[in-house]
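So you can see what is in the structure, the chains are spelled out below.
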Amino acid sequence: MRKQKGYLLIAAISQALVFSACAPNEPINYKKPAPLLQSSTGVLYKASSTEKLDLLISTYPGLELRPLNVKHHLYEAFNISKKQIQDVDAKALITQNKILIKSKTAPKNSSRALNSFMSDCRNGAVSKSRVIETTSVSKAVNYKTVQLSHTLTLQNSATSEDTQNLWMIKAPKGSMLPKEPFFTNSLVLKLDMVGVFNISSFTKNKAGQCSEARALIIGTHNPAHIPTPGVAIPTLGVEKFYQLQQTNAVKALQTTKGEGVVIAVIDTGVNYNHFTLSPNIYRNPNEIDGNGVDDDGNGFIDDKIGYDFIYNDNRPFDDNGHGSHAAGLAASYHFGIAPRAKIMPLKAMSALGTGDLGSISAAILYAVDQGAHIISLSLGYEGPQNPLLTMALNYANKSNIIVVSAAGNGDQRTGLGYNIDSRPMYPASSPFENIITVAASALNAPITGYSNYSPQSVDILAPGGNRQFPLFSAYIENPMGIALSPSLGTSMATPIVAGSAALVKSLHFGLTSVDIKSILLLAGVRDPNLSPFVRSSRSLDINHALNLAKQGLQQALTTGLMF
């Protein structure tokens, strides 16, 4: 979880999916993208039956539906109220969709060039009423997704012969675009990497009146998955990935490497062609790639390597970096905790680092149906508990699937962790016995200052890093060829525990989710000083967990910790 990038938790969003779940010849309008802002969310609707869904469609011709998980009759509905749905389908599960995670507003740039340019604005007043317009894509620039190969031309509508215009670009790490401000009437921009580009335009006239406009443009890339053989990392040795030593994983990997276990990473997607991840990407054995047919009948077309619940397509590529980082910590072929487990990429969070309740719930349902053994959730929101997310988590619980959840990265205002018993976070605070909630430690701190905690809801500590000792893992495509990137947070601790659960699962596939949770908690290194922060008072010890799994859970429980 990258606290420095402003994630509340986790931190980890093309075209609409076409399917045949509705009545024959019934026209339906599909809402193409997942919502990026709270104002664009609809009503989440889990139909009680296909017949009730068909009746709703025929009753309200203006209804728009975003399919989330057709097998489970789960949709996001627009142009309709919860009461209208209830009148037609009284047994449906209905709730308002919401954005689970919001990134902080980008700070204003305080460079000397900008300060000099704006210094003589009359009375220091800056108007934000003018908007950036584009002459080549669309007037609706804000949150516009642009393919990397396309050129975008931006024009500030306030520009005239009597004005000066200054542009600034805040690009993702690794971009080669200029970082310094520059003067021009219009901006011709070719995005050079995936991610969010924060573009600002400042205009000043001769009278000293100024205007400011900002836009967020998302660079997208949807490459096909190209399986590649494992290759060595030439520049970084194992010592760089200190979490392997800190958790005693180096010894553990002499016993098992997680073969046969599938970890669903529900996040911002995964850079599935990254050379440290590609060998371990899950492949759906019942789907033929690229034939445009739903071969396995699960409601998702060509979902060979997972699914993208944000753009509703079969290429869950990471346009943020968070999901790739998490996937690498869990199961990178080279430095993951479980280096031979499989990664199921499920994109349910956007390039902005935001996710909506419907996409995340749908991804959980998908992961269970597709046979994932473990679900890694480096995300969350501050209460109250939502019935749809609860339904999805309960489905995983009844299916004996382990869910590993981040405790959270503290208060956005103070940056300090807090007790989630008094301020619940979900899914971290969910009551299901299959959920392992994780707080973060660092090399020089038994628990980090940013990590949330709880003596009731948080189960165990795992390495999350801090600014002095961040964790390195996989990154996204960029022109500078940056393969590995540092990050920190409970979002990083979470996949480390998910990878650990995969190692235990690979020893005995008959173990239940509760068994594996008990083994991981029981095997941790105990520190009584941690009792106010973590239910088990323990930090992850993977090698000890494998030893307990080998000797037998019942014997371990009779001689171990009671909590």
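Just above, that's the structure.
Right, let's walk through the structure included here. Since the structure is predicted, the reported quantities are computational estimates derived from the model, not experimental observations.

What counts and what doesn't
Residue indices begin from 1 for each chain and proceed along its sequence in written order. Selection of residues for local features in this predicted model requires a pLDDT of at least 70, selection of side-chain atom pairs for listing and counting requires 80 or more, and totals for whole chains, interfaces and linings are taken over all residues. Excluding hydrogens and water, the side-chain figures rest on all heavy atoms present in the structure. Whenever Lys or Arg places a side-chain nitrogen within 4 Å of a carboxyl oxygen from Asp or Glu, that contact is recorded as a salt bridge. Helix and strand definitions here come from DSSP, where helices need a minimum of 4 consecutive H or I residues and strands a minimum of 2 consecutive E residues; each element is numbered from the N-terminal end. For every residue, the accessible area obtained with a 1.4 Å probe (protein chains only) is divided by the maximum for its type, and the residue is called buried under 20%, exposed over 50%, and partly exposed between those limits. Any two strands with at least two DSSP bridges between them are considered paired.

Turning next to the pattern of salt bridges. Taken as a whole and judged by the stated rule, the model has 10 salt bridges. Here Arg423 makes a salt bridge to Glu382, at a shortest N to O gap of 3.0 Å. Linking Arg423 in the loop between strand E20 (402–406) and strand E21 (425–426) with Glu382 in strand E19 (residues 381–382), this pair joins segments that are 41 residues apart in sequence. Residue classification places Arg423 among the partly exposed positions, given a relative accessible area of 27%. Under the relative-accessibility criterion, Glu382 is labelled partly exposed at 33%. One salt bridge connects Asp411 with Arg413, and the closest N-O pair in it is separated by 3.0 Å. Each of Glu382, Asp411, Arg413 and Arg423 takes part in a single network of salt bridges with overlapping partners.

On to helix H10 (residues 513–523), then. Taken across its 11 residues, H10 has 8 buried, putting it largely inside the fold. Taken residue by residue, H10 has Ser513, Ile516, Lys517, Ile519, Leu520, Leu521, Leu522 and Ala523 as its buried positions.

Turning our eyes to something else, we now look at the pairing of strand E10 (residues 163–170). The two faces of a sheet get side chains in turn, since along a regular strand they alternate between them. Counting buried positions along E10 gives 6 out of 8 residues, so the element sits mostly inside the fold. Judged from the 8 bridges that link them, E10 and strand E13 (residues 195–205) form a sheet pairing that is antiparallel. Looking across to E13, one finds that Leu166 is bridged to Phe202. In terms of strand pairing, E10 meets strand E11 (residues 182–183) through 2 bridges, oriented antiparallel. Residue Trp167 lies in a different strand from E11, and its bridge partner there is Phe182.

All we've got here are geometric facts, nothing functional implied.
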